[in-house]
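Inside the fold
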Amino acid sequence: MKNMNWIERQLYARGITSPKILEAFRKVPREFFLPENLKNFADDDTPLPIGYGQTTSQPFIIALMISYLDLTGNEKVLEIGTGSGYQTAILSYLAREVYSIEVVPDLAEKARQKIEKLGIKNVYIFVGDGTKGLPEYAPYDAILVSAYAPHVPPPLIEQLSPSGGRLIIPLGNKTLQHLFLFKKNGEKIEKIKLDPCVFVPLKGEYGS
Ligand code: SAH
């Protein structure tokens, strides 16, 4: 019930009305993905530190990014920046398969263990530079990037499905970033500017 309250207050009341997305948030306990000393803050709609100078994103922003991807449940999704694995776990309930890349090996390993403990079977976590994507399993129906870059990394556009693939990414600099949605149909790439946001920098070859 406690879990349901913050979801209604922070997500539903702010416009996240998709029953599937709300249900996915109810299924995943955020405190399980937080460090021991921060578990009491799980209901706060703020980013929280997860070590290595990284943060787990604000739940509202996670919900917003996921809602822009318009997932039907049948998609192969690529996530860049596994972090704590919290968003990965939520995506697992909204997509067919989730491939997730994290550059910090220890974060990737912790996230992998937690996701396994929750009994989630459709998530595959990799260590590496996510700005290069994961060409082995491409194309992806949806790609979600959890850290900001100055420009969209070209490999991610390449690895997006040409039949309606969607990519959501924060673009900008340290002081000003916006979420951008890219839609790919055949050769055509549509770029849509959305909400202002604050993320940690995307590292790697095509990062910040
Ligand atoms: N959605 C995550 C938040 C991740 S914060 C959560 O809810 O926990 C962003 C993450 O991206 C960090 O863990 C950081 O280490 C990772 N990251 C940064 N640059 C990366 C890159 N080039 N490839 C893969 N992961 C990267």
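Quick summary incoming for the structure in this document. Because the structure is predicted, anything quoted here is derived from the model rather than measured. Residue positions within a chain follow its written sequence, with the count starting from 1. With the structure being a predicted model, the display of local features is reserved for residues of pLDDT at least 70 and the display and counting of side-chain atom pairs for 80 or more, all residues being used for whole-chain, interface and lining totals. With hydrogens and water excluded, all non-hydrogen atoms of the structure serve as input to the side-chain values.

Moving on, we come to the overall build of the protein. Helix numbering and strand numbering both begin at the N terminus, where a helix is a DSSP run of H or I of at least 4 residues and a strand a DSSP run of E of at least 2. Counting its regular elements, the protein contains six helices and nine strands. Both definitions apply: the radius of gyration is a C-alpha atom measure, and the globule rule equals 2.2 Å times residues to the power 0.38. Here the C-alpha radius of gyration of the protein, 16 Å, is about what a compact globule of 208 residues would show, namely 17 Å. Principal-axis analysis of the C-alpha atoms places the extent of the protein at approximately 45 × 35 × 35 Å. For the protein, the proportion of its 208 residues judged to be buried stands at 50%. Under the scheme applied here, a residue whose accessible area is under 20% of the maximum for its type counts as buried, over 50% as exposed, and between as partly exposed, the area being computed with a 1.4 Å probe on protein chains only.

Once that is clear, we can look at the nonpolar core. We define the nonpolar core as a collection of buried residues of types Ala, Val, Leu, Ile, Met, Phe, Trp, Tyr and Cys that are connected through side-chain atoms lying within 4.5 Å of one another. Core analysis: the largest hydrophobic core is formed by 41 residues, its most contacted members being Leu-11, Ile-16, Phe-25, Ile-66, Leu-71, Tyr-86 and Ile-90. Of all the secondary-structure elements, those providing two or more residues to this core are helix 1 (2–10), helix 2 (19–27), helix 3 (59–68), helix 4 (86–92), helix 5 (105–117), strand 5 (123–127), strand 6 (142–145) and strand 8 (177–185). Ranked by residue count, the leading element in this core is helix 3, at seven residues. By the convention used here, residues are in contact when the closest approach between their heavy atoms is within 4.5 Å. Setting aside its immediate chain neighbours within four residues, Tyr-86 contacts Trp-6, Phe-25, Val-28, Pro-29, Arg-30, Phe-33, Thr-56 and Ile-62.

This next bit is on the packing of aromatic side chains. Each aromatic pair joins two rings of Phe, Tyr and Trp (for Trp, the six-membered one) with centres within 6.5 Å, and gets the label stacked for planes under 30 degrees apart, edge-to-face for over 60, and tilted for any other angle. The final tally for this structure, using the stated rule, is nine aromatic pairs. Ring centres of Trp-6 and Phe-25 lie 6.4 Å apart, and the angle between their planes is 85°; on these two criteria the pair is classed as edge-to-face. In this pair, Trp-6 is assigned in helix 1 and Phe-25 in helix 2, connecting sequence segments 19 residues apart. Here the two residues Trp-6 and Phe-25 agree in accessibility, since each one is buried. Ring geometry for Phe-32 and Phe-33: centres 5.5 Å apart, planes at 85°, overall edge-to-face.

Moving on to the pattern of salt bridges. What counts as a salt bridge is simple: a side-chain nitrogen of Lys or Arg found within 4 Å of a carboxyl oxygen of Asp or Glu. What the rule picks out here adds up to eight salt bridges. Note that Glu-97 is salt-bridged to Arg-96, the shortest N-O span being 3.9 Å. For the salt bridge of Asp-106 with Lys-110, the shortest nitrogen-to-oxygen distance reads 3.0 Å. Taken together, the positions of Asp-106 and Lys-110, both in helix 5 and four residues apart, correspond to about one turn of that helix. Of the residues examined, Asp-106 reaches a relative accessible area of 29% and is grouped as partly exposed. Accessibility expressed as a relative area gives 44% for Lys-110, which makes it partly exposed. Because the salt bridges share partners, they merge into one network encompassing Glu-8, Glu-23 and Arg-26.

We now examine the sheet that holds strand 8. Here the rule is simple: two strands pair whenever DSSP picks up at least two bridges between them. In space, the seven strands of this open sheet follow the order 5-4-3-6-7-8-9, with mixed pairing throughout. Lying at the two open borders of the sheet, with one neighbouring strand each, are strand 5 and strand 9 (188–197). Taking each pair of neighbouring strands and ignoring which way they run, the sheet shows an average axis angle of 15°. Of the strand pairs in this sheet, strand 4 (residues 97–102) and strand 5 are connected by five bridges, and their pairing is parallel. Across the sheet, residue Ile-101 finds its bridge partner in strand 5, namely Phe-126. Contacting strand 4 and strand 5, helix 5 crosses the sheet at an angle of about 165° to strand 5. Axes here refer to lines fitted to C-alpha atoms; in helices the fit is confined to the stretch in contact. Angles between the N-to-C directions go from 0 to 180 degrees.

A separate point is the site of the ligand. Think of it this way: one heavy atom of a residue within 4 Å of a molecule or strand is enough to make that residue near it. Looking at the ligand, there are 24 residues lining it, with Thr-56, Ser-84, Glu-102, Gly-130 and Lys-203 nearest. Thr-56 is positioned with one of its side-chain polar atoms (N or O) 2.8 Å from an oxygen atom of the ligand. By the criterion applied in these results, polar contacts are pairs of N or O atoms within 3.5 Å in which, for protein atoms, one can donate a hydrogen and the other can accept it, and in which residues neighboring in sequence qualify only through two side-chain atoms. Interatomic distance of 3.1 Å between a side-chain N/O atom of Asp-129 and a nitrogen atom of the ligand. Relative to its unbound accessible surface of 580 Å², the ligand loses 100% to contact with the protein. Looking at which element gives the most residues to the shell around the ligand, the answer is strand 2 (residues 54–56), with three residues. Accessibility throughout is a Shrake-Rupley quantity obtained with a 1.4 Å probe, and a residue counts as covered only by protein chains that appear here.

A separate point is the side chain of Arg-30. If you trace the backbone, Arg-30 turns up in the loop between helix 2 and strand 1 (48–51). Just so you know, the count uses Lys and Arg for positive and Asp and Glu for negative, and it drops His and the chain ends. Asp-45 provides the closest opposite charge to the buried, salt-bridge-free Arg-30, at an N-O distance of 6.2 Å. In terms of polar contacts, Arg-30 uses its side chain to reach the backbone carbonyl oxygen of Asp-44, at 2.9 Å. Not counting residues within four places of it along the chain, the set of residues in contact with Arg-30 comprises Phe-41, Ala-42, Asp-44, Thr-46, Pro-47, Leu-48, Thr-56, Ser-57, Pro-59 and Tyr-86.

Functional significance is not addressed by these values, which are geometric in nature.
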